[in-house]
Structure formats: C-alpha cells, structure tokens
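# Structural overview for review
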Amino acid sequence: MKRRKVDLKALPAKAGNEVEDRLGVATPLRGILNKVFPDHWSFLLGEIALFSFIVLLLTGTFLTFFFEPSMKEVIYDGSYTPLRGVHMSAAYASTLDISFDVRGGLVMRQMHHWAALVFMAAIVVHMLRIFFTGAFRKPRELNWIIGSLLFWIGFLAGFTGYSIPDDGLSGTGLRIASAIMLSIPVIGTWVTSSIFNGEFPGDIIISRFFIAHVLLIPALLVALISVHVGLVFKQKHTQWPGPGRTNTNVVGERMFPRYAIKQAGFFLAVFGVIAVLGGVLQINPIWLFGPYEAAVVSAASQPDWYVMFLDGSTRLMPAWEINIPIGNGYVIPPIFWPTVVLPGILVMLSTAYPFVEARMNRDNKIHNLLQRPRDVPQRTAVGAMAIAFFLVLVLSGGNDVIADKFHISLNAMTWAGRIGLLILPPIAYYVTYRICLGLQQHDREVLAHGVETGIIRRAPDGRFYEVHQPLSEDHEELEYVGWVVPKKMNRLGALGPAIKGFFRPLERPAEAPVSPGHPPVEPAPERREITAERREIESKK
Amino acid sequence: MSLQNGSNGTQHRVPAEIDYDDPRTTRFEKVRAAAREDGVEIVHYEPQFPPKGSRVERRLTRTVSSLFLLSGLFATAFVVIYIVWPWQWDPGDTWERFYTPLLGLTLGLSLLCIAIGVLSWGKKLLPREVSIQDRHDGGAPESDRRAVGTTLGYMVDELGVKRRPLLGLSLAAGLAPVAALAAAPLIGGLIKNPHANNQMFVTGWAPIKGADGSTRLVRLTREDGTPIRPADVSTGGQMTVFPGIPGGASNAHADSPTLLIHLRPDDAQVARANNLKGTGKDDLDRSGYMYGDFIAYSKICTHAGCPASLYEQQTNRLLCPCHQSQFLITDNAKPIFGPASRALPQLPLGVDEEGYLVAKSDFQATVGPDFWERP
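Residues numbered from 1 in each chain as written. Chains lettered and ligands numbered in written order. Predicted model: local features only at pLDDT ≥ 70, side-chain atom pairs only at ≥ 80, totals over all residues. Heavy atoms only, no water.

Glancing now at the overall build of chain A. In terms of regular secondary structure, chain A is built from 17 helices and 8 strands. For 541 residues, the compact-globule estimate of 2.2 N^0.38 gives 24 Å, and the C-alpha radius of gyration of chain A, at 30 Å, exceeds that figure by more than 25%. Principal axes of the C-alpha set define a box for chain A whose edges measure 100 × 90 × 50 Å. The buried share of chain A, reckoned over its 541 residues, is 48%. Long-range pairs, those at least 24 residues apart, make up 72% of the contacts in chain A between residues at least 6 apart in sequence. A total of about 28,400 Å² of accessible surface is found on chain A, and carbon and sulfur atoms cover 66% of it. (Helix = DSSP H or I, 4+ residues; strand = E, 2+ residues; numbered from the N terminus. Rg over C-alpha atoms; globule rule 2.2 N^0.38 Å. Buried < 20%, exposed > 50% of the residue type's maximum accessible area, 1.4 Å probe, protein only. Contact = heavy atoms within 4.5 Å. Areas by Shrake-Rupley, 256 points an atom, 1.4 Å probe, with all protein chains shown as cover.)

Another point: the state of the cysteines. Residue and element names in this part refer to chain B. Tallied over the full model, the rule gives 1 disulfide over all chains. In this model Cys306 forms its disulfide with Cys322; the gap between the sulfur atoms is 2.2 Å. In this structure, the disulfide formed by Cys306 and Cys322 twists by about -90 degrees around the S-S bond and is classed as left-handed. Remark: Cys322 occurs in the loop between strand E10 (317–319) and strand E11 (326–328) and Cys306 occurs in the loop between strand E8 (294–298) and strand E9 (310–312); sequence separation between them is 16 residues. Owing to a relative accessible area of 3%, Cys322 belongs among the buried residues under this scheme. (Disulfide = S-S within 2.5 Å.)

All names here are of chain B. The first and last C-alpha atoms of helix H4 (residues 142–159) sit 26 Å apart over 18 residues, in line with the 26 Å expected at 1.5 Å per residue. Burial within H4 is sparse, with just 0 of its 18 residues counted as buried. Trailing H4 by a residue or two, Gly160 shows a phi angle of about 70 degrees, which is positive. (Expected span 1.5 Å × (residues − 1).)

Assigned domains of chain B: these are domain 1 (55–192) and domain 2 (208–359). The gap between the C-alpha centroids of domain 1 of chain B and domain 2 of chain B is 53 Å. (Domains from an automatic or database assignment.)

This brings us to the sheet that holds E10 of chain B. Read across the open sheet, the 4 strands follow the order E9-E10-E11-E12 (chain B); overall the sheet is antiparallel. Edge positions in the sheet fall to E9 and strand E12 (334–337) of chain B, since each has one partner strand and no second. Sheet twist, expressed as the mean angle between neighbouring strand axes with direction ignored, is 35 degrees. Pairing analysis gives 3 bridges linking E9 of chain B to E10 of chain B, with the strands arranged antiparallel. Directly across from Glu312 of chain B, in E10 of chain B, lies its bridge partner Arg317 of chain B. Packing against the sheet, helix H16 (residues 410–449) of chain A makes contact with E10, E11 and E12 of chain B, and its axis sits at approximately 70 degrees to E12 of chain B. (Pairing = 2+ DSSP bridges. Axes fitted to C-alpha atoms, helices over the stretch in contact; angles between N-to-C directions.)

Residues and elements named next belong to chain A. With their axes 8 Å apart at the nearest point, helix H6 (residues 141–163) and helix H13 (residues 336–360) run at an angle of 160 degrees to one another. Of the possible angle classes, the one that applies to H6 and H13 is roughly antiparallel. Of the two elements, H6 crosses H13, and the hand of that crossing is right-handed. Across the interface between the two elements, Glu141, Trp144, Ile145, Ser148 and Trp152 of H6 pack against Pro343, Leu346, Val347, Ser350, Thr351, Pro354 and Phe355 of H13. Among the residues making up the contact of H6 with H13, the classes are represented as 8 nonpolar, 3 polar and 1 charged. (Parallel < 35°, antiparallel > 145°, perpendicular 65-115°, else oblique. Left-handed = near helix turned anticlockwise from the far one by under 90°. Nonpolar A, V, L, I, M, F, W, Y, C, P; charged D, E, K, R; others polar.)

So, about the nonpolar core. With 72 residues, the main nonpolar core has Phe155, Ile206 and Phe309 of chain A as its most contacted residues. Grouped together as the second largest cluster of nonpolar side chains are 25 residues, Ile176 of chain A together with Ala268, Ala271 and Tyr297 of chain B included. (Core = buried A, V, L, I, M, F, W, Y, C linked by side-chain atoms within 4.5 Å.)

So, about the packing of aromatic side chains. Tallying each qualifying case throughout the model produces 39 aromatic pairs over all chains. Seen in terms of ring centroids, Phe51 of chain A and Phe266 of chain A are 5.9 Å apart; in terms of plane orientation they differ by 75 degrees. Their pairing is edge-to-face. With a gap of 215 residues between them, Phe51 of chain A in helix H3 (residues 45–64) and Phe266 of chain A in helix H10 (residues 255–280) connect regions that are remote in the sequence. Neither residue differs from the other here; Phe51 of chain A and Phe266 of chain A are each classed as buried. Through successive ring pairs, a cluster of aromatic residues spans Phe151, Trp152, Phe155, Trp305, Tyr306, Phe309 and Phe390 of chain A. Of note, Lys35 of chain A hangs over the ring of Phe37 of chain A, and the distance from its end group to the ring centre comes to 5.7 Å. The ring of Tyr356 of chain B has Arg229 of chain B lying over it, and the distance from NZ or CZ to the ring centre is 4.4 Å. (Phe/Tyr/Trp six-rings, centres within 6.5 Å; stacked < 30°, edge-to-face > 60°. Lys NZ or Arg CZ within 6 Å of the ring centre and 35° of its normal.)

Residues and elements named next belong to chain A. A cis amide bond, omega -5 degrees, links Phe200 with the succeeding residue Pro201. Along the chain, Pro201 turns up in the loop between helix H8 (188–196) and helix H9 (205–235). Residue Pro257 is bonded to the preceding Phe256 through a cis peptide linkage, with omega at -5 degrees. Along the polypeptide, Pro257 turns up in helix H10. At Asn284, a residue that is not glycine, the phi angle is positive and equals roughly 50 degrees.

This part is about helix H2 (residues 55–84) of chain B. All names here are of chain B. Taking 1.5 Å per residue, 30 residues should reach 44 Å; H2 reaches 43 Å between its end C-alpha atoms and fits that length. Among the residues making up H2, those that are buried are Val56, Leu60, Val64, Leu67, Ser71 and Ile81. In this structure, the buried side of H2 is in contact with helix H3 (99–125).

In structure tokens form, the structure reads like this:
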C-alpha cells in the first residue's frame, strides 16, 4: 500500500485556499485584521456595558431553566423553613427555589442582578463620556440616539426583571407602575386594564412581564447593540487630538493581536468582578421581603438605582391635581408629571441635543477629533447641570433613608429636594463654566510662559519671582492644540520616569535632577537593568 | 530580528508590489504591505524586549504563566466547592453560609487571573505599535451618489404610479385595512374594558346581595378571616382589616385592605366633628361613618397605590412609605404633605347583631390611585 504524503507545512495555506474558494472572505478579513483603533481608557466604558450584557445573557439563560412565570397560588414547601406553609405565587416560590434548592442558583441570581446594575451604570458613565467630549457630533448623531434609547430599554429590562419574582418589594413596584399607567389622561385606565388583564394585580402580569423580560426586550437590546457597535465599526472611533492625529485619520493599534487581546482580557475582568460581586455582596434577598401582599409594605423600600431618580421626582412633586369640570369631571393626577412627562422630556432633550448644538454653532462639519470638556464650557456646564438635576432626584429617591440615618425631618428633606432641584442645576452651570474658563486660561498661560518650577529667585532689586521652564526652545508662545498641556516638571521628563518593579526595583533609578535653575530637560538616561552590572562583573570573573 | 528593520519611524524602502514568494522580503514587510492595501500605515513597530531572554522578559513570562496556572487552581477549587461543600439552607450550619460567597470568589478570581494574565501578555509582551489609517469620511464620491439617485428615480418612474394614479390610490386604500388586519388580533386580544363590573369603583366591602334579594353587610376580618369585635382593638391601637368574604385578604382584592383605628376619645371627638365638615373637595356626607371611637380608612394610597401604613399615634398622621404622602386621620384623612392630592376613602362602620364590626356600605369615594375619568 502506498501512503500519501501529507505536507503539514502547506496544510494551513491549502485549507485557507479551500475556504476562500467557497466563501470569498479574504479581503474583508484583511480589512478587519488591519483595522486601526485609537486607544484611551475612556473609550472602554462602553465595553463594560457590552460585557456585562453578555454576562446578563449567560446568567439569565440559566435562571430561565428554573423560574416559573406564574401567579398560580401555591403553598411553599422548600428548604427555607421560615416561609414554609405560606401561600405565595409560583413565581415567588420558584425564585426561592433558585435561591435555596438549586445548587449554585443563588450566586447566578445575584450575578444576574449585579450585572444589571453594572450594565446600567456603564451605560450612564459611557454616555457622559460621549457627551462631555463631543463624540456625538456629526456623523455620530444616530449612534447617540441609539445609545440613549438603550438606556431606556435597559431601564425597562431592569424593571420587568425585578418585578417578576413577585416578592413584597417587586409587587409594590408593580403597583406604582400601574398607578403611573392609570395617570395617563384619557387612555390610562384602558392601558392599565389591557396590560394587567383587568384590575391590578390580575393573574397574568408576571407571565407577560416574563416574556417581555426574556424575549422581547433582550431581542430589542441585541438588535440595537449590534447596530450601535456596527456603526462604531463603520464610522471608525473618534480620537483625541495629538501629534499626527487629524480629523481624517485614525492613529492607534491594529485590531489584531494586541488590541483584541486587551479586549478579551477586559471582558474576563468585567466578568470576574461581577462574579465576585454576585458571590460576596448580597443583593435583593427576596426571602426577607416575603410574598407580595397588597396590604404590606416596609419603610425604605427603594427601587434599583437607575429607577431611583423617577422615585425621587415622584416624591418631590407637589400635590397639584388638575380637574377638568366637564360632565362628571376629569382628573390629571399629580403623579402623571414626574413619571410620564419628565421621562418624555428627557428622551426628547437627549435626542435633540446634537442637532440643537450643531444648529447653535452653525456647524455642519464632520468631527472625528474629541474635545476636552474645558474647551467647550457651555456644553460642559449644561452636562454638569444635568448631573446636578439627576443627583438631586436620586438622593430624593432615598430621602426617607437619609432622614432616618441623619435624624433630619422627612418633610425638610422633601423641601430641600424641591428647592435643590430648582437652584442647584443653575449653580452647577455657573461653577462649571467658570472652572472651564479657568482651566483654559491656565493652559494658555503655561503655553506662553512655561511650567512653574517651584524655584523662587530674588532679583538684584529685591523682587521675588518664580522661574518658569518654557516649553519651546526659543521662548515663543506655543499654540494650543486641544490636548493636555504639561504643567508639572516631571511631565517634561525632568524627574525621570517611574522605576519598574513592584516590591523591589528592577532598574537602577535615573539620576535625580541636580542643580536648581538648570532643570534637565534632555531625555532621561538610558535604562539599565540592575542585574546587567552584576552579570558583567560575574562575566569578568 | 527581522521585525526591527522598519521600526522607529525610519522609512524603509518597500516595493510597491510585494512578491509574497520572494525570499528576500521579510515577513514584516509583507504584513506592512498588506496593511497598506487597507490604507493602514504602520509607522512605529517596536518589540518590547529586543534581546531575547532578558531578565524582565523571563520574569513577565513567569508571571503570566503562573497567573494562568493560578486560574486553573481557582477553577478547580470552584468545582470542588460546588460539589462537596454543604449548600442546603440550614440556619444552624456556619459552613453552609459560605457556599455562595466561595463560589463567587473562586469563579471571580479564576476569571480575574486569566484576565490579568491575558492583559499583561498583550500590554507588556507584544510589540508596541502606532498605525495610521485613513478615514474616508463623507461617504461615496459625487458620481456614485448621482448613480444611486438616478437608479432610484428611474425605478420609481418604472413603477409608473404617476402615469397610472389609480394604482397608487388603490394601493393606499386597499392595503390600509390589511395593516389594521395585522394589528387587530395583536392589540384586540389585549384590550380589556377597565369599567367591566364597575371594577374601578367597587371593592370587596360592597354588601353582598343574596339570592332572595336580601343584602348582607361585610364583616371586618383579620388576615386569617376571623371577625373583629370592637373590644379587640385597644384605645390608640390600629389593625389592618380585610373584607370578610372568600379570598378577602388575597391579592384578588388588592384595593380592599383597610386600616381600622381605635382613636382616643378626644381625637375621636375632633374626627367626628371634621367628618361633619367634610373635606371641602367632595360633597360626601360622612356623618355616621365612625362607630364609637373607631374609624377606618382605605389603606391604599390615593397617590400611587402603596399601602399607607405607617401610623403615627401621637400626631394622628398616616404616612405612605413609598412617596411620603401624609394623611391626617382626625381630619377625614386629608393629605397634608407630599404628592398625594386626595383624601383616603373612609369606610362607614357599624356592628352586626352578633357584635362584630361590619362595613355599612362600600367606600363612597374611589379607592386607590387617581385616573382620568374619576368623577
């Protein structure tokens, strides 16, 4: 028998050719391998959201194997003895089973909850980064809108998620949600009874929320996230200004291998942190809340953090009821304004912002270079105003806890929130605007006169003055290019780089700068390993 | 190493057409030429450890590989703990308490070890590079835009809706009902009349009509269904009561929970006087709603439907913990602070022939959160 020789070395090339003949992927693959990504830590905030979403999908799929989305009444007979014999819905009983009778179920449940909190937090922080650096400008307005929609869809995903265990806290949340729906003028009662299939709570809302939570909303999230990331890919990432970086190029690293490896490591890090959180920090201990009963509530029942701002706005709203005296009379209840109108306004504001700013600046250009927040004081101040508004609402969402812990009158907390909501945002605007101008001015000062050295000299006439280290060789004023201006001597290399090594140095430290008045601006001396000398000595022996 | 040839920004001469079989061109030159095909210029490419096997490099390699091994160790620990650790809930067992934290820790540390290993591999061992790629913003050139525009315009003309307007009209008129057809079963199945059985205005306290036309008043009961005598609630005390009907304490009657309060005599005096005065916002006659010093209000907050259940005995205020609406018990449960705009409905109390507390009728005001068509 004759054995055919297999040329192992040629095998990958041969296999590659066979694939290419059939699928024709070589050219796009080359493009992907060569794609350049700019690097900055702030570009990774959105990734945290993406990665925690993946963790959400993984842990959520596990939970569906055990969760029973039913409001059928059962008598609990699981291993958590304090609740044995209690009447409850099958949904709540199966959530208890996940926590106590499924091996490793509790850590999965808690990871799922923590991942949701991290997901929403990453979305918000990522959105702030985009806003403050002007990354939403043309051509990226569409992606900004998709991103802000993702916040609200994530909000719904979170709300439906913590509603379906049917524990005491989630039932209270559902009741408030039904009140919010009821408050909508004209169609409120119809919307509510259609969603709850009759009067609150009905017997089907958990099943409906369940399918929304595990199918409809995730499908929407997956679709929008794909478009979101696809657009970043297509439009190429923005970059900070700097040497060689222009509006028409991308300076960074190619996607493979270094960039991709760093992303993979980052994913695992996010996953790992969520796993530790889910294991070590207890969250949503539903067995302590008991099943939902319409007559039972406890003080300090707060929603998840991303819902708290709406809770806060509801608490601060004065009891302004609008009566329309036609026929039997119609009512617009006060809860309508902070829970339906306010979110509506917020969605509209964030959607319209890129276009409003472009219009005000008469700006139709394409922008691929980011702006430092200080260079656009108006925008930065508007952002600070929004943050102040949001923070007052979030704190008001927990004002009963603050009042309790710090022994403040509850009513005083509410009034402080009402007043704070009106006066803190303008103050934040003014303060931020002034800080931006101050930072701008300092940048220009350093570019014109140099870095402060901390060296005070005395002139022959008795005057004292500080020595400045000019940034340019011929003491000329430099132009601001939109990037960090070195303001400390060590940023100029005057102090030498940090020494490598964690517990003990791996390198000999560079010579410290010597005479004052002659700050060494020449490049730091070549690094040498400590052991190099030892090796030389040894080799001489 | 061959990779260093093109490093440090020194422009190395690379032939325009690269010959992939030419043994004289280095591999890096081929990679670089491939990158140029995509408009990517590798301007700086610098291995972090030019001399092979330096001490720092060996140390880093050791660190990364020990991280990978450590990760495997934690993963094994996870599996072992998952299988052998006591995990069933048992309040007497201290070991069981650590089951979930240990799973989270071992899983997390295992992942973090790979993460840090992979990250240091990528950041510290792989060559540093700076590449520049052109953006090609602003879309296709003018000629392409014109081409697409013309093709689209021609397509519309080809359909000939302008020439044959009837086609367009019939399309709009005929297919609109088809859209409704698609929407009808989706939405229609969900729609539910909110006013069926007058459900927005009726609670479990409505007197029960017997088959012979007689009506029976509903007793106030505890959660377990036992009826209540006035003597069961001490002065200044309060109790959550439910309608004494089948399932009266269940969530099927989520609008029925009521707070029964035994006021102190002088507070009861004030409350009775205020009952006669009314709230000023409605024209309900509340005289006779109280039974002795007993008064009962719906527990369902008129703001968002939470149970307004924190009763401050000294100030006679009722606080809803959800949004902090406060109601004054001695004044028709009028809202005195917070976002609620409407008084809590009051339940007319009486006593039946056996001496148990009953509701003389259903609530006369609408229970629960407000809505558009509330009269």
